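Listed here are the chains, written in short residue letters.
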Amino acid sequence: MSEIKQQDTAKGLAGQQTAPNKPWSWQKKFGFRLLFIFFLAMSIPFSANWYKNVFTLDWSRPHYRDLYDIARFQPSFLSLFGGQRSRDITDSPSGDEGTRKNGPKKNKTENGTVKKGEAKNESAAGLPPKRSFLADYADWGIALLFALAGALIWTAIGRKSKSYHILYYWIRVVVRYRAGIGIIGFGFTKLFPTQMPYPSLGLLNSNFGDFTAQKIYWLSVGVVPWYQVFGGVVEIAAGAMLFFRKTTTFGAILLAAALGDITFVNYAYDGGVHVYAFYFVILALFLAADDFPKLYNLLILERHTVPFRIYPDFRKPWLKYSRITLKLLTFVIFFGVLTYTEIINFKYDPYKQPATAGVKKLRGNYHVSEFKINGELIPFNPLDSTRWQEATFENWTTLTFKINRPVLIDPSNGGGSPMRDIQRTFEISGVAGGQRAFHYYADTVDKVLYLQDKNVMALRGGRKGADKAKEAQPKEDNWISKTAWQHIGDENKMIDKAAWSTRRDREFEEKPREVKRHRMVLKYDTTDGSRVILSGINERKDSIYVVLDRYDRKYVLPKSSLNAGKY
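Quick summary incoming for the structure in this document. (Residues numbered from 1 in each chain as written. Predicted model: local features only at pLDDT ≥ 70, side-chain atom pairs only at ≥ 80, totals over all residues. Heavy atoms only, no water.)

1. A few points about the overall build of the chain
- A count of helical and extended segments in the chain gives 18 helices and 11 strands.
- Counting across all 567 residues of the chain, residues that qualify as buried make up 51%.
- Here the contacts in the chain between residues at least 6 apart in sequence split such that 74% fall between residues at least 24 apart.
- For the chain, the exposed surface amounts to about 28200 Å²; the carbon and sulfur share of it is 60%. (Helix = DSSP H or I, 4+ residues; strand = E, 2+ residues; numbered from the N terminus. Buried < 20%, exposed > 50% of the residue type's maximum accessible area, 1.4 Å probe, protein only. Contact = heavy atoms within 4.5 Å. Areas by Shrake-Rupley, 256 points an atom, 1.4 Å probe, with all protein chains shown as cover.)

Here it is as structure tokens:
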């Protein structure tokens with residue numbers, strides 16, 4: 001392919017060496033070969049699942065997560081050797097994964113109850129593991145080793161080459177589009193604020209000191225949704241500028257500044273996604289590095305400066321129209337389709353909040369006026385380890401209540417991509433202090449709630465215990481009768497029809513992974529929701545009787561002016 005020089009004269013450039021035909025030094029050529037292979041390896045997906053997602057995507061009923069997964073990948077060479085990569089900015093390790101890392105917990109009794117005095121140790125064990133800098137960036141190190149080996153081989157067989165202007169152009173194209181698509185995927189989850197949702201009632205009622213550092217950061221951004229929107233605008237603007245050659249430098253500088261801040265925030269708040277954020281900083285610095293000397297010459301030395309680049313010749317019709325078609329396709333997918341799916345997600349299916357509406361009469365904060373267990377009245381005592389202290393029915397299908405008994409903390413950020421509401425754990429992740437959150441299916445005909453604990457970290461006594469529980473479970477789980485299921489309905493179809501997608505259908509058709517959860521079956525009795533009486537069997541198979549009286553709690557925080565979900 002021939003080349004076109006944007007600026008082919010060096011006249012009047014005050015000593016700048018811009019001659020295109022000047023051979024590169026051997027150091028420059030070796031450095032280019034090294035960086036070319038390194039950034040190519042960092043920018044191309046090597047995961048089979050990535051390609052499977054691309055080629056099986058149903059464009060007639062897309063889900064925003066389909067496109068987000070295309071934009072989200074990062075280098076993962078450790079997996080080629082049986083290792084695990086670091087979490088990315090939205091991943092949420094499941095309770096199972098966390099339990100495997102921590103191993104079996106010996107301080108649990110056989111029936112899953114926690115011994116007094118051992119609870120504090122449990123809580124501490126649930127904290128995120130300490131990071132290792134070298135382990136965090138192991139994938140990058142492997143990519144660098146590959147690049148070094150490739151550069152040595154390339155040098156041995158490519159000694160006749162004088163320069164690599166055209167290859168430099170193409171590696172910039174690859175990095176520009178990789179960084180642009182990736183940051184736009186991020187940006188839309190902030191532009192339509194679902195990445196850091198406004199706190200639920202249960203979170204607002206939790207003590208500040210019971211949050212992990214990362215939870216405090218996520219909530220701090222969540223309470224100011226318009227700031228989150230601004231962050232989305234910045235990221236999308238940076239990504240859009242990277243798609244054009246003339247604005248690449250501005251986009252790269254903006255990207256490096258925005259993601260550099262996010263990298264530091266994740267280090268400071270122990271967010272655990274510093275690697276993926278820094279990944280974009282590295283890409284941005286590579287794109288901007290060529291212009292730094294020119295900017296220094298212009299802005300600091302105040303000298304006349306003319307940027308110089310060499311581009312491939314796209315004047316042949318098939319090259320010209322191919323280039324236009326590919327760019328247009330990128331815009332249609334990552335600005336058109338992604339915008340539509342993100343709006344649908346924000347309105348009807350916000351990925352960190354449960355999407356199904358809860359029972360309307362029950363919503364709100366409640367005092368626990370009366371609490372009986374096995375017929376015995378338990379008076380209020382803040383030190384009691386069985387009595388509920390307060391309860392909340394969210395707008396969606398979650399009941400939260402507090403007990404003076406600590407649990408293992410779910411260390412994730414509550415992200416990931418689950419379709420089922422019970423697996424959306426933002427309202428319980430990173431929260432200590434005895435806060436419980438139970439997802440429920442509501443049989444509104446017989447007025448029965450079927451509840452399951454959302455915090456799997458707190459429920460599993462290690463893999464060994466889980467396997468035993470799995471073996472003990474019957475093949476068919478009939479804890480909810482067929483009649484009750486008829487009253488409850490199909491969870492997959494409980495959200496607005498506009499949000500139905502092939503991805504959602506596919507996940508609901510799969511048999512859910514068996515996870516032993518604490519369960520409760522409680523009848524509810526109320527007229528208008530001001531007083532609710534719950535009676536039935538709790539998670540320890542005890543009969544309970546709870547009288548709840550609703551109260552209107554005034555929060556200092558103003559209500560969010562951007563509310564995700566339709567309830």
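2. A closer look at the nonpolar core
- One finds Leu255, Leu259, Tyr279 and Phe280 to be the most contacted residues of the largest nonpolar core, which totals 67 residues.
- Mapped by element, the contributors of at least two residues to this core are helix H1 (26-43), helix H3 (64-72), helix H7 (138-157), helix H8 (165-191), helix H11 (225-242), helix H12 (248-268), helix H13 (274-289) and helix H15 (317-348).
- Residue contacts for Leu255: discarding those within four places in its chain leaves Ala179, Ile183, Ala238, Leu242, Gly260, Phe280 and Ala284.
- Counting 26 residues, the second largest nonpolar core, distinct from the first, contains Leu399, Phe401, Tyr524 and Val546. (Core = buried A, V, L, I, M, F, W, Y, C linked by side-chain atoms within 4.5 Å.)

3. Section: helix H10 (residues 213-222)
- The element H10 is extensively covered by neighbouring structure, given that 7 of its 10 residues are classed as buried.
- Those residues of H10 not exposed but buried are Gln214, Lys215, Ile216, Trp218, Leu219, Val221 and Gly222.
- The inward-facing, buried residues of H10 abut helix H9 (201-204) and H11.

4. Details of the packing of aromatic side chains
- If you walk through the whole model with that rule in mind, you get 44 aromatic pairs.
- Here Trp140 and Phe278 contribute two aromatic rings whose centre-to-centre distance is 5.7 Å and whose plane-to-plane angle is 15°, an arrangement assigned as stacked. Of the two residues, Trp140 sits in helix H7 while Phe278 sits in helix H13, which places them 138 residues apart along the sequence.
- The class of Trp140 is buried, set by a relative accessible area of 11%.
- When the centroid spacing of 5.6 Å and the interplanar angle of 25° are considered together, the rings of Phe401 and Phe438 count as stacked. In this pair, Phe401 sits in strand E6 (residues 398-402) while Phe438 sits in strand E7 (residues 435-443), placing the two residues 37 residues apart along the sequence. (Phe/Tyr/Trp six-rings, centres within 6.5 Å; stacked < 30°, edge-to-face > 60°.)

5. Focus on the side chain of Asp421
- Its location among the elements puts Asp421 in the loop between E6 and E7.
- In this structure Asp421 touches Pro354, Ala355, Thr356, Thr397, His439, Lys454 and Glu491, once residues within four positions along its chain are discounted.

6. Considerations on the pairing of strand E11 (residues 543-551)
- Relative to E11, strand E3 (residues 364-373) is paired through 8 bridges, and the arrangement is antiparallel. Looking at the pairing, His367 lines up with Asp549 of E11.
- Pairing analysis gives 7 bridges linking strand E10 (residues 531-537) to E11, with the strands arranged antiparallel. Looking at E11, one finds that Val532 is bridged to Leu548.
- Joining the antiparallel neighbours E10 and E11 is a turn of 5 residues, in which Lys541 adopts a positive phi near 70°. (Pairing = 2+ DSSP bridges.)

7. Remarks on the packing of H12 against H13
- Direction vectors running N to C along H12 and H13 enclose 155°, while the axes themselves pass 8 Å from each other. Considering the angle they form, H12 stands roughly antiparallel to H13. Considering only the axes of H12 and H13, their crossing is left-handed. Residue-level inspection shows Thr248, Ala252, Ile253, Leu255, Ala256, Leu259, Gly260, Ile262, Thr263, Asn266 and Tyr267 of H12 in contact with H13, the latter providing His274, Ala277, Phe278, Phe280, Val281, Ala284, Leu285, Leu287 and Ala288. (Axes fitted to C-alpha atoms, helices over the stretch in contact; angles between N-to-C directions. Parallel < 35°, antiparallel > 145°, perpendicular 65-115°, else oblique. Left-handed = near helix turned anticlockwise from the far one by under 90°.)

8. Some points on a nonpolar patch on the surface
- Together, Tyr296, Leu298, Leu299, Ile300 and Leu301 make up a nonpolar patch on the protein surface, roughly 500 Å² of accessible area in all.
- The residue Leu299 is located in helix H14 (residues 292-300) in this model. (Patch = residues over 30% accessible without salt bridge, like charges linked within 9 Å, V, L, I, M, F, W, Y side chains within 5 Å. Salt bridge = Lys/Arg side-chain N within 4 Å of Asp/Glu carboxyl O.)

9. A short note on the packing of H8 against H11
- Across the interface, H8 lies against H11 with an axial gap of 7 Å and an inter-helix angle of 160°. Relative to H11, the element H8 lies roughly antiparallel. As H8 packs across H11, the resulting crossing turns out to be left-handed. Here Arg176, Ala179, Gly180, Ile183, Ile184, Phe186, Gly187, Phe188, Thr189, Lys190 and Leu191 of H8 come into contact with H11, specifically with Gln228, Val229, Gly231, Gly232, Val233, Glu235, Ile236, Gly239, Ala240 and Leu242.
- Looking at side-chain class alone, the contact of H8 with H11 contains 11 nonpolar, 7 polar and 3 charged residues. (Nonpolar A, V, L, I, M, F, W, Y, C, P; charged D, E, K, R; others polar.)

10. Regarding the pattern of salt bridges
- What the rule picks out here adds up to 19 salt bridges.
- Measuring nitrogen to oxygen at the nearest pair gives 2.8 Å for the salt bridge that ties Asp505 to Arg61. Placement of the pair is Asp505 in helix H18 (residues 502-509) and Arg61 in the loop between helix H2 (48-56) and H3, with a sequence separation of 444 residues.
- Under the relative-accessibility criterion, Asp505 is labelled buried at 15%.
- Here Lys454 ties to Glu427 by a salt bridge, and the two come within 2.7 Å at their closest N and O atoms. Of the two residues, Lys454 is situated in the loop between strand E8 (448-453) and helix H16 (462-472) and Glu427 in the loop between E6 and E7; the sequence distance between them amounts to 27 residues. One exposure class covers both Lys454 and Glu427, and it is buried.
- Residues joined in a network through salt bridges with shared partners are Arg65, Asp66, Asp69, Arg72 and Arg503.

11. A word on H11
- The terminal C-alpha atoms of H11 lie 26 Å apart, and with 18 residues this matches the ideal 26 Å at 1.5 Å per residue to within 8%.
- Packing partners of the buried residues in H11 comprise H8, H10, H12, H13 and H15. (Expected span 1.5 Å × (residues − 1).)

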